[in-house]
Every structure is written in structure tokens, then in C-alpha cells.
Amino acid sequence: MSTPTTTQYDYIIAGGGIAGSVLARRLADKYPSFSVLLVEAGGRPEGHPLIGPPLAVYDAYLSDIDWKYMSVPQKCLGGKPRYQGAAKVLSGGSAINYGIWSRAPACEYDHWAELARDESWGWKGLLPYFIKTETYISGTEPLNPSLHGTSGPISVVGIKASHPDRQYPLRSATSTLFESAGYALNSDVSSGSVKGYCERIENWKNGIRQPASVAYEVAKCTNVTILTSTLVHKVLFDTSNTRAIGVQTSAGAFYASKETILCAGAYRSPHLLLLSGIGPASTLSTYGIPLVLDLPDVGKNLHDHPAVPLYWKLKEQGNALDASPDAKLSAPPFRIGLPGDWLAFAHDPAVPAIAKSEGADEVTVMHLSHPERCHTEVFFAYAPAGPGARKFNKDGKTITTWVMVMSPTSRGNVTLASANPIANPVIDPNYYATEADRVALRNGVRKILTMTALNESIFETELTDHAGGADAAIDARMEEYGGGLFHPAGTCAMGKVVDGKCKVVGIDGLRVVDASVIPSPLGAHYQATVYALAEKVADSI
Ligand SMILES: Cc1cc2nc3c(=O)[nH]c(=O)nc-3n(C[C@H](O)[C@H](O)[C@H](O)COP(=O)(O)OP(=O)(O)OC[C@H]3O[C@@H](n4cnc5c(N)ncnc54)[C@H](O)[C@@H]3O)c2cc1C
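What counts and what doesn't
Residues numbered from 1 in each chain as written. Predicted model: local features only at pLDDT ≥ 70, side-chain atom pairs only at ≥ 80, totals over all residues. Heavy atoms only, no water. Helix = DSSP H or I, 4+ residues; strand = E, 2+ residues; numbered from the N terminus. Rg over C-alpha atoms; globule rule 2.2 N^0.38 Å. Buried < 20%, exposed > 50% of the residue type's maximum accessible area, 1.4 Å probe, protein only. Contact = heavy atoms within 4.5 Å. Areas by Shrake-Rupley, 256 points an atom, 1.4 Å probe, with all protein chains shown as cover. Lys, Arg positive; Asp, Glu negative; His and termini not counted. Charge placed at Lys NZ, Arg CZ, Asp CG, Glu CD. UniProt positions renumbered as here; feature names shortened; annotations may be inferred. Polar contact = N/O pair within 3.5 Å; in protein donor to acceptor, adjacent residues only side chain to side chain. Salt bridge = Lys/Arg side-chain N within 4 Å of Asp/Glu carboxyl O. Near = heavy atom within 4 Å. Nonpolar A, V, L, I, M, F, W, Y, C, P; charged D, E, K, R; others polar. Core = buried A, V, L, I, M, F, W, Y, C linked by side-chain atoms within 4.5 Å. Expected span 1.5 Å × (residues − 1). Axes fitted to C-alpha atoms, helices over the stretch in contact; angles between N-to-C directions. Parallel < 35°, antiparallel > 145°, perpendicular 65-115°, else oblique. Pairing = 2+ DSSP bridges. Disulfide = S-S within 2.5 Å.

### Overview of the overall build of the protein chain
Here is step 1: Counting secondary structure elements, the protein chain contains 13 helices and 23 strands.
Here is step 2: Whereas a compact globule of 541 residues would reach a radius of gyration of roughly 24 Å, the protein chain reaches 22 Å, a difference of no more than 12%.
Here is step 3: Split into buried and exposed, the 541 residues of the protein chain put 62% on the buried side.
Here is step 4: Taking the intrachain contacts of the protein chain between residues at least 6 apart in sequence as the baseline, contacts between residues at least 24 apart amount to 73%.
Here is step 5: When the accessible surface of the protein chain is summed, it comes to about 19200 Å², and 54% of that surface belongs to carbon and sulfur atoms.
Here is step 6: For the protein chain, the distance from the average position of its 47 positive side-chain charges to the average position of its 52 negative side-chain charges is 3 Å.

Below, the structure is given as C-alpha cells:
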């Protein structure tokens, strides 16, 4: 932590996650004579034992670098709450995530642009920022410079190009399974068309994590002061309550002459707005928070990708991760990323039809029907992963298959538990609440069941108690193991809470820049999009 020598800055950034780190670096470079204060609730990532080697990710859950959130009881998951992973450390999600690097279909960014009423958020507008973020290592394949970057701060690489000896024993068998299930090989899933199966792209650099603040070298910027282990309590306003002038934090008040920018993530940016008096008037009055601006959509529209793991016992030893140090997958080439080869995306025509029958509006149905829209992602992890990881051993014979709904129509919300800024927000993802989500997930699981049945020489048995592909059995698996895969977004939606420049509607000098502004679900894991989003906003400030 740097020790602040003043309480006055040009820009204050609340939250030093992915978006906060990118903005701090870009603003510092763009305006060398301006000062930036970056305030982060967690500590520094450098030297932390869980931030570095990929396989340490499994131990980051509920550790000292996690906010340890639990959702409210989920009414469509047997009334049980769900763990909501979220990083509490400088660099945010980039310090604890799985390193999957993916972009959504172009049509989904174009839908975002429509909701934002700003065409620059479409695929064409975002692509230069995807490119700016990355240094793409293509190995022996030719690199397409119209899609990939060669000089960005984040190094990204596919499994095959990551190491010549990283040949997972199931690589070709799982590729055959995807083909037999009707997925065609997609040679570049970053192209704006994700349908089919493709090699997983990761952002481990030579097998080491790249936390955003480290990759963007924020600490080297002489005009950035980084204040860690400091909780932002609320935004401060001028006497007219129309302009943000800084933040109140656990270390005192700090003032921004130009802008205050919230980058606290999809759970905590709406929480900060509410604590500051911006949100639904009725909620604020319940907690006795003086109203600054009645903005009913703050905290609404929480979307996340519901997902379910299925656990499998394999016939052959050595095809999956084994805890023993001399096991096959313990060799160095297999320690440079997480065990797996492919991601597979599919369009499911049943989903828009069901969404329509449930009353989804015409525009939503039209976008769900877009032929490039993918409703499910399916992948294999050659290890026990997710909620069952502690139940099923890393014995070299246990793997996980995942199905994730990429176009959920269920929406949840984030709200206050108390006016005390130390209290965690109340999180209700409302998983699995629509039939459209249930149909997408069930159809995805049935595909997995067909694929595993197709290859009896690999799979011995499913380990979960709920066998078979009937709706009830799939729902029972979802109730026991399902939840989200840590992609919350939408709670300060662009077009409703912020405008196309991420400025909070109706307040001067205040922006929100993080996953919370993504207005509708994207068929991607979100980190690449959040990097591009922050790069794009930094360009416009
Ligand atoms: C376990 C896990 C695995 C994931 N795996 C992947 C993956 O493989 N691929 C992928 O693309 N995405 C993945 N994600 C999602 C991805 O990391 C997030 O979408 C991304 O980090 C969101 O960026 P952000 O800037 O919006 O928020 P974050 O990166 O979460 O940053 C928010 C920051 O604000 C800080 N903060 C919050 N409130 C306050 C406050 N009041 N005062 C001060 N600081 C505050 C937090 O501590 C945090 O550092 C994963 C996420 C998790 C949790």
C-alpha cells in the first residue's frame, strides 16, 4: 500500500479489480500531470501463495482473498443458498479466476449496443479493445491480426501452443466425442462466431497467473497512489447532490477534482451506489439512507450463467488429475494451466420458443433466436472441479463435465442488508427461475449423457446420485451441485443506470466501469470483455 500524502486527487477509482487496474494505468499514462487514487478493499497480490500457479485456484474459494459471499436461499434450487466467489484483492477476479479467455458471439455485443443506445458497444466498436488488451501466442498457427493483438499487457495462448508436451491423454477422445455429438471444430472462437467446439484459450503466462494490476504495471505509475486494505464506504457529493466529489473510506475521506469511478464489481458497485443514496427510493428509505437520486434499476437485472457439474469415474487411471506428485498429470507441462482441452457452444432453438411462451418481450426473443446465439457451453475438466471437488478425490480417474447456460433469462438482484458499509450486500442470483433456463440446461446435460454413453471405453460410471436424463433427475443434480460459475453482471446496466460512457445517469463526475454495466448476458467468460470495456472507457475519458 502506498501512503497517501494528500486527500486531493484528480481521479479516484473505487475497487482495484480488472477494470480498476486497467483504468488506473490508462488514465495515468494519458494524463501524466494528473493524480489517480486507486482504493482496494483487499491486499496486494504479489507473493500470495494462492496467486501464481494455476492449480492453486481450487484453494482460493473461501480463502483470505475471497469476499466469501453466500446468496440468499435459491427458491428454484431447493431453497439452498449458493456460494458466490468474488475476489477481495488488488487485481480482483484476475487474481483468482480459472484463466479461461473468451469472447462472446458478435451478435451479443450488438445487442448490448442496442440496449445502451450506443452503437460503439457493438462487436466492431469493442474489437479494437479486445485486440489492445492481448498478446496472442499462436504457436505454429498463423496469427490473424484483424482479430488478435500482439502487444497488449495480457498474454493469451491456446492449450496446444502453450507447451509441446501438454498432451492430455483424453484430448483426441473428447474431440471425437464433441464431433459425434454434432459440434463442428471452430478454429478461432475469438472471431465473433463461437458455435462448435474450440480449443480453450487461457491467460496463464508461462504457467503463471497475470493479475491485472501486475500485468498493467499499475504500481510503476508515479502518478497513481494505491491504497489497499481500505474499504470504500460511499460516494461523497457536493451540496447540490448533483456532482460526485470523492469517497468516504475506512481510511478517511478522499476528494476527486475530476471524476470518481466505481469499479467494485457486479455485487459491490450497486451496493456502493445504494449506500451513497443512489437507487430505488423505497430501498433507501427502508435503511434510512438520505436520497440523492431515485434510480430504480440500481442492483436489478443481476444475471449470471447457471451451470451444473456432472462427475465421472473413468475406466483408466492417469487420464485425470491425481494428487500424487509422480502422477502423469503432475508433470510440469500439465501444471501450466487447468486440465482440459475444449469448450463447446451450441444454439438451442427450443430456448427462444420457451422464452416467448413465458412472456419474454419481442426483442429478447429475437435476440435469443439469432442463429449465432449460443445457449449452452459444455466442457470437460480432467479433474474433480466445482462444488463436488471436495467430495470426489483427485485420484487420476475422476473428471467433471460442465454445462453452463449462456443466455439465461432469469434475473436476480443485489441490495442492502444494512446501511452499514461493512455489511455484505444481499445477493439473489435467482438461478434456474425460468423454464427457458431449465430447458437449455437440461438439453445440455442430455448432450453430455449421450456423449458419455457413446464412449463406454472411457467412462465407467457417473458419480452423482441422480442418474439418467429425465428432467427431474437433471433438476436434482442442479439442486445438489448447480449454481453459477462466477460471472455476475448487469446490476448497473448500461442504458438504465449508466449511459454509453458509463456515466451514472443524472449525476456529474461519477462513472461505474466494471461487469455490472453489461446489460444482458454474454455467451463468454467475462474477463476478456471487462478488460476491453475498461480499455474503451479509458480511451473516452
Ligand atoms: C472463482 C472465479 C473464477 C472465474 N473464472 C473466470 C475465467 O476463467 N474466465 C473469465 O473470463 N472470467 C472468470 N471469472 C470472472 C471474472 O474474473 C470477472 O468477470 C471479472 O473479474 C470482473 O471484473 P470487475 O472489474 O468487474 O470486478 P472484479 O475483478 O471482481 O474487481 C472488483 C474489485 O473491487 C474491490 N472492491 C469491491 N468493493 C469494494 C469497496 N467497497 N472498496 C474497495 N474495494 C472494493 C474488490 O475487492 C475487487 O478487487 C471468474 C471469477 C471468479 C470469482
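Let us keep going from here.
### Section: the UniProt feature "active site" (unreviewed entry) in the protein chain
Here is step 1: Mapped onto this numbering, the UniProt entry gives "active site" (unreviewed entry) at His 487 and His 525. A stretch of 39 residues holds the annotated residues, and the largest C-alpha distance among them is 6.8 Å, short enough that they meet in one place.
Here is step 2: When residues no more than four places from it in sequence are discounted, the contact partners of His 487 are His 303, Asp 304, His 305, Met 404, Ala 524, His 525 and Tyr 526.
Here is step 3: Engagement of the side chain of His 487 in a polar contact is seen with the side chain of His 305, the distance being 2.9 Å.
Here is step 4: Structurally, His 525 can be placed in the loop between β23 (510-512) and α13 (527-540).
Here is step 5: You can call His 525 buried: its relative accessible area is 7%.
Here is step 6: Apart from the residues within four sequence positions on either side, His 525 is in contact with Ile 100, Ser 102, Glu 377, Met 404 and His 487.
Here is step 7: Side-chain polar atoms of His 525 contact the side chain of Glu 377, separated by 2.8 Å.

### As for the pattern of salt bridges
Here is step 1: Per the counting criterion, the structure on display carries 23 salt bridges.
Here is step 2: When the shortest N-O distance is used, the salt bridge between Glu 217 and Arg 25 registers 3.9 Å. Here Glu 217, found in the loop between α6 (212-215) and β9 (224-227), pairs with Arg 25, found in helix α1 (residues 18-30); they are 192 residues apart in sequence, far enough to count as distant.
Here is step 3: Between Arg 446 and Asp 471 there is a salt bridge whose closest N-O contact spans 3.0 Å. Of this pair, Arg 446 sits in helix α11 (residues 435-454) while Asp 471 sits in helix α12 (residues 471-481), placing them 25 residues apart in sequence.
Here is step 4: Salt bridges linked by common partners bring Glu 435, Arg 438, Arg 442, Arg 446, Asp 471 and Asp 475 together as one network.

### Observations regarding the site of the ligand
Here is step 1: Taken together, 36 residues surround the ligand, and among them Glu 40, Gly 93, Ile 100, Val 232 and Gln 527 come closest.
Here is step 2: Measuring from an oxygen atom of the ligand, one finds a backbone N or O atom of Ala 19 at 3.0 Å.
Here is step 3: Across the complex, the protein chains shield 96% of the 1000 Å² of accessible surface that the ligand would expose by itself.
Here is step 4: Mapped onto the shell around the ligand, the elements with two or more residues apiece are α1, α7 (265-275) and α13.
Here is step 5: Per-element tally for the shell around the ligand: the top contributor is α7, with three residues.
Here is step 6: Broken down by class, the residue content of the shell around the ligand amounts to 20 nonpolar, twelve polar and four charged.

### Focus: the nonpolar core
Here is step 1: Core analysis: the largest hydrophobic core is formed by 90 residues, its most contacted members being Trp 112, Leu 273, Leu 510 and Val 513.
Here is step 2: In terms of residue count, the dominant contributor to this core is α13 (eight residues).
Here is step 3: Here Leu 510 is in contact with Val 235, Phe 237, Ala 244, Thr 260, Leu 262, Leu 273, Ile 278, Cys 502, Lys 503 and Val 504, once residues within four sequence places are set aside.
Here is step 4: By size, the runner-up hydrophobic cluster in this structure holds 63 residues, among which are Leu 170, Leu 329, Leu 368 and Ala 383.

### Some points on the UniProt feature "domain: Glucose-methanol-choline oxidoreductase N-terminal" (unreviewed entry) in the protein chain
Here is step 1: In the numbering used here, UniProt assigns the feature "domain: Glucose-methanol-choline oxidoreductase N-terminal" (unreviewed entry) to residues 265-279.
Here is step 2: Secondary structure across residues 265-279 comprises 73% helix and 13% strand; the distance between its end C-alpha atoms is 16 Å.

### Quick look at α1
Here is step 1: Compared with an ideal rise of 1.5 Å per residue, which puts 13 residues at 18 Å, α1 spans 18 Å between its outermost C-alpha atoms and is within 8% of the ideal.
Here is step 2: Burial analysis of α1 places eleven of its 13 residues in the buried class, the great majority of the element.
Here is step 3: Of all the positions in α1, only Ile 18, Ala 19, Gly 20, Ser 21, Val 22, Leu 23, Ala 24, Arg 25, Arg 26, Leu 27 and Ala 28 are classed as buried.

### Looking at the environment of Pro 421
Here is step 1: Tracing the backbone through its elements, the reader meets Pro 421 in the loop between β19 (413-415) and β20 (426-428).
Here is step 2: Note on Pro 421: relative accessible area 18%, which makes it buried.
Here is step 3: Taking C-alpha positions, Pro 421 is 9.7 Å from Ser 276, a pair spaced 145 residues apart along the chain.
Here is step 4: Contacts of Pro 421, omitting those with residues within four sequence positions, involve Leu 231, His 233, Arg 268, His 271 and Leu 275.

### A look at the packing of helix α3 (residues 123-133) against α13
Here is step 1: At their nearest, the axes of α3 and α13 sit 8 Å apart, and the two run at 105 degrees to each other. By the criterion of interaxial angle, the relationship of α3 to α13 is roughly perpendicular. From α3, Gly 125, Leu 126, Tyr 129, Phe 130, Lys 132 and Thr 133 reach across to α13, where they touch Ala 528, Thr 529, Tyr 531, Ala 532, Leu 533, Glu 535, Lys 536 and Asp 539.
Here is step 2: For the contact of α3 with α13, the class distribution of residues is seven nonpolar, three polar and four charged.

### Re the sheet that holds strand β5 (residues 134-137)
Here is step 1: Here we have three strands laid out as an open sheet, ordered β5-β6-β8, and mixed in their pairing. In the strand order of this sheet, the two ends are held by β5 and β8 (201-202), each with one partner.
Here is step 2: With two bridges connecting them, strand β6 (residues 154-158) and β8 associate as antiparallel partners. Bridge pairing in β8 links Val 157 to Glu 202.
Here is step 3: Contacts from α3 reach β5 and β6 within the one sheet, and its direction differs from that of β5 by about 70 degrees.

### A closer look at unusual backbone geometry
Here is step 1: Positive phi, normally seen in glycine, also occurs at Arg 117, with a value near 50 degrees.
Here is step 2: With respect to the helices, strands and loops of the structure, Arg 117 is situated in the loop between α2 (106-116) and α3.
Here is step 3: Although it is not a glycine, Phe 486 sits at a positive phi angle of roughly 70 degrees.
Here is step 4: Owing to a relative accessible area of 25%, Phe 486 belongs among the partly exposed residues under this scheme.

### Section: the state of the cysteines
Here is step 1: Across all of its chains, the model carries zero disulfides by this definition.
Here is step 2: Free of any disulfide, Cys 502 has its nearest cysteine sulfur in Cys 263, 9.0 Å distant.
Here is step 3: Among the residues examined, Cys 502 registers a relative accessible area of 0% and is labelled buried.

### Some remarks on the pairing of strand β18 (residues 398-405)
Here is step 1: Of all the eight residues making up β18, eight are buried; the element is thus mostly covered by neighbouring parts of the structure.
Here is step 2: Side chains of β18 alternate between two faces, with Thr 398, Thr 400, Trp 402 and Met 404 and Ile 399, Thr 401, Val 403 and Val 405 buried alike.
Here is step 3: Relative to β18, strand β15 (residues 306-314) runs antiparallel, the two being bridged by seven bridges. The partner of Leu 310 across the bridge, within β18, is Thr 401.
Here is step 4: In this sheet, β18 lies alongside strand β17 (residues 376-381) in antiparallel orientation, the contact comprising six bridges. Paired with Thr 376 across the strands is Val 405, a residue of β18.

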